[in-house]
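# Overview (structure and organization)
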Amino acid sequence: MDNALLNKDMTVKDVLDRWPETLDVFVANGFENFRDEKQRNAVGAFLKLERAAQAKKYDLDNFLGLLQARIDEELHQVDVTMKTTEKTDSQINVSGLLPCPVRLPLLEGFDAFIESYTEETGNAVSYKLEAASVGANWIEDNIQGIENVNELPDIFLSAGFETFFDQKTIGRFKDQGVFTDITNSAVNPDFTGIEIKDPKKDYSIIAAVPAVFMVNHDVLGDLPIPRCWSDLLKPEYEQKVALPVGDFDLFNAILLAIHKEHGDEGVKKLGRCMLKSMHPSQMVKNAQRVAEEKPLVTIMPYFFTKMARMVKSLEIIWPEDGAVVSPIFMLTKRESLDKVRPIAEFLSSKTVGDILAQKGLFPSLHPEVDNQLPEHHPWKWVGWDYIYQNDLGALILHTTQTFENSMNEE
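Quantities reported herein were computed from a predicted structural model and do not represent experimental measurements. (Residues numbered from 1 in each chain as written. Predicted model: local features only at pLDDT ≥ 70, side-chain atom pairs only at ≥ 80, totals over all residues. Heavy atoms only, no water.)

We now examine the overall build of the chain. Scanning the chain for helices and strands turns up 17 helices and ten strands. Looking at the chain residue by residue over its 410 residues, the buried ones come to 54%. Surface exposure of the chain reaches about 18800 Å², of which carbon and sulfur atoms provide 46%. (Helix = DSSP H or I, 4+ residues; strand = E, 2+ residues; numbered from the N terminus. Buried < 20%, exposed > 50% of the residue type's maximum accessible area, 1.4 Å probe, protein only. Areas by Shrake-Rupley, 256 points an atom, 1.4 Å probe, with all protein chains shown as cover.)

Dropping the structure here:
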């Protein structure tokens, strides 16, 4: 492990030689040329971090902070993820998917909590909390096909709608009263005005993944800046928008929100506005690159605006009609509650809420968390009435197909 401390007088080559994982940060913030080894050895050998930040008009402390955060993440990754968490003698099973930006700090805190919990109660806990990037395949391998309620995890965490309401997966257990919401009845004031808690008190929502716009002024031209979701459905934005198709949780939430307000026609228009599918981190990396096709607008999780704020040509727009909400759900099995209540309370606590909100920009529902959101931050939430009145699994399939058909039309 390299104990050298990052500082403003180090050259780019020094940093990349010692911490090659920081290349992602350089590329994401406009230093695409350092992908090339010759450039690293030539320019990077003389370019100090302080001068690099000045050249891009970046705040030096912010720039160093991004690099340090990437280094710290890599240092912790092996220690945290290599722990043995699947125990054969466990009385309690916790599993699910955690958003990538917060998985490591959440795992660290959870591991320490479980250690003390087991010491106090004698209950062994098996947990498998994967990165959300493994997505649908993990759900398919671990959740789909469960017929017996006893095979379900005692606590299950993940973002999105499909897994939780599809009658082929966990959705069929909801109507059987298998789960219970143990979270605080009060909700963070940032969510005032929308009924985000499950009125039937089956499912818990611990945080939200908001979808916002990133506008690239280098390619905006004479077009007006889109301020609302309905703006993106106008003909002038056709094939000018990048959507997070690879992020199936957020993408499904966007499809449902558009379908609720604009029907099939709105979903078709969304398909026609699509430029290409690219992960949001790729969108930030490509922002300053000369390319034939650069999106005018990128729809992305609010988290990725951290990087985008350092690129002058990019503007983050919180939609005036609301950021689409993809909920982070927690399911707690009612029959296990005597044993698992402390674990569920920890996962919905201020401690975890602070990590979600501050490290991931995933606003927490815990009433005491400072989510550090803009003063004006309306939400586009499909609502529980809509959820209960529709077969969401079937609706997601329908809207996805409608979107794809429209996108492929000549």
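Applying the stated criterion across every chain yields a total of 15 salt bridges. With a shortest N-O distance of 3.8 Å, E50 and K8 are connected by a salt bridge. Of this pair, E50 sits in helix α4 (residues 49-55) while K8 sits in the segment before α1 (12-18), placing them 42 residues apart in sequence. The partner of K380 in a salt bridge is D321, with the nearest N and O atoms 3.3 Å apart. Here D321 lies in the loop between β8 (314-317) and β9 (323-332) and K380 lies in strand β10 (residues 379-380), a separation of 59 residues in the sequence. Salt bridges sharing common partners tie together K8, D9 and E50. (Salt bridge = Lys/Arg side-chain N within 4 Å of Asp/Glu carboxyl O.)

For S406, the location among the structural elements is in helix α17 (residues 392-407). Ignoring sequence-local partners within four residues, the contact set of S406 consists of K268, K269, G271 and R272. (Contact = heavy atoms within 4.5 Å.)

Before going further, it helps to spend a moment on unusual backbone geometry. For K201, which is not a glycine, the phi torsion comes out positive at approximately 60°. The topology assignment puts K201 in the loop between α9 (171-174) and β4 (204-216). In this structure K201 comes out as exposed when scored by relative accessible area, which is 57%. Of note, the phi angle at L361 is positive, near 55°, even though the residue is not glycine.

What follows deals with the environment of P153. Relative to the helices and strands, P153 resides in the loop between α7 (135-142) and β3 (155-159). If near-sequence neighbours (up to four positions away) are discounted, P153 is found in contact with N93, S95, I143 and K333.

Residue placement: K268 occurs in helix α11 (residues 248-273). Taking the C-alpha atoms as reference points, K268 and M407, 139 residues apart in sequence, are found 7.5 Å from one another. Dropping the residues within four chain positions of it, K268 is found in contact with T402 and S406.

Tallied over the full model, the rule gives three cavities of 30 Å³ or more. In this structure, the largest cavity occupies an estimated 120 Å³ of space. Taken together, 17 residues form the lining of the largest cavity, with T183, I205, S348, L365 and H366 sitting closest to its centre. Elements with a contribution of two residues or more to the lining of the largest cavity: β4 and α15 (350-360). Each residue belonging to the lining of the largest cavity can be placed in one class, and the counts come to nine nonpolar, seven polar and one charged. If you add up the space inside the second largest cavity, you get close to 100 Å³. Lining of the second largest cavity is provided by L97, L98, P99, L106, F110, L129, L157, I206, I328, L347, V352 and L356. (1 Å grid on protein atoms, 1.4 Å probe; cavity = no way out; pocket = protein on both sides within 12 Å on 5 of 7 lines; lining within 4 Å. Points joined across faces, edges and corners; volume = space filled by probe spheres on them. Nonpolar A, V, L, I, M, F, W, Y, C, P; charged D, E, K, R; others polar.)

All chains considered together, the criterion is met by 29 aromatic pairs. Ring centres of F26 and F34 lie 6.2 Å apart, and the angle between their planes is 80°; on these two criteria the pair is classed as edge-to-face. A single burial state applies to F26 and to F34, both of which are buried. Relative to F346, the ring of F110 has its centre 6.3 Å away and its plane inclined at 35°; by these criteria the two rings are tilted. Taken together, the positions of F110 in helix α6 (residues 100-121) and F346 in helix α14 (residues 337-347) put the pair 236 residues apart, joining distant regions of the chain. We note that F110, like F346, is buried. Every member of this aromatic cluster is reached through a ring pair, and the members are F156, F161, F164, F165, F179, Y203, F329, W381, W384 and Y388. Across from the ring centre of Y388, 4.0 Å away, lies the NZ or CZ of K200, which sits over that ring. (Phe/Tyr/Trp six-rings, centres within 6.5 Å; stacked < 30°, edge-to-face > 60°. Lys NZ or Arg CZ within 6 Å of the ring centre and 35° of its normal.)

So, about α11. The first and last C-alpha atoms of α11 sit only 18 Å apart over 26 residues, clearly below the 38 Å expected at 1.5 Å per residue. In α11, a bend of some 130° at H262 exceeds every other bend along the element. (Expected span 1.5 Å × (residues − 1). Bend = angle between axes of the 7 residues up to and from the residue.)

This part is about the nonpolar core. Counting residues in hydrophobic clusters, the biggest one holds 123 residues, and the most contacted among them are F161, I299 and I343. At eleven residues, the largest contribution of residues to this core is made by α11. The residues contacting F161, other than those within four sequence positions of it, are A253, L256, V325, P327, W381, V382, I387, L392 and I396. (Core = buried A, V, L, I, M, F, W, Y, C linked by side-chain atoms within 4.5 Å.)

A separate point is the pairing of β3. Counted residue by residue, β3 has five buried out of five residues, so it is predominantly covered. Along β3, one buried face is formed by I155, L157 and A159 and the opposite face, lined by F156 and S158, is buried too. Across five bridges, the pairing between β3 and β9 is antiparallel. Bridge pairing in β9 places F156 opposite L331. (Pairing = 2+ DSSP bridges.)

These figures capture arrangement, not role.
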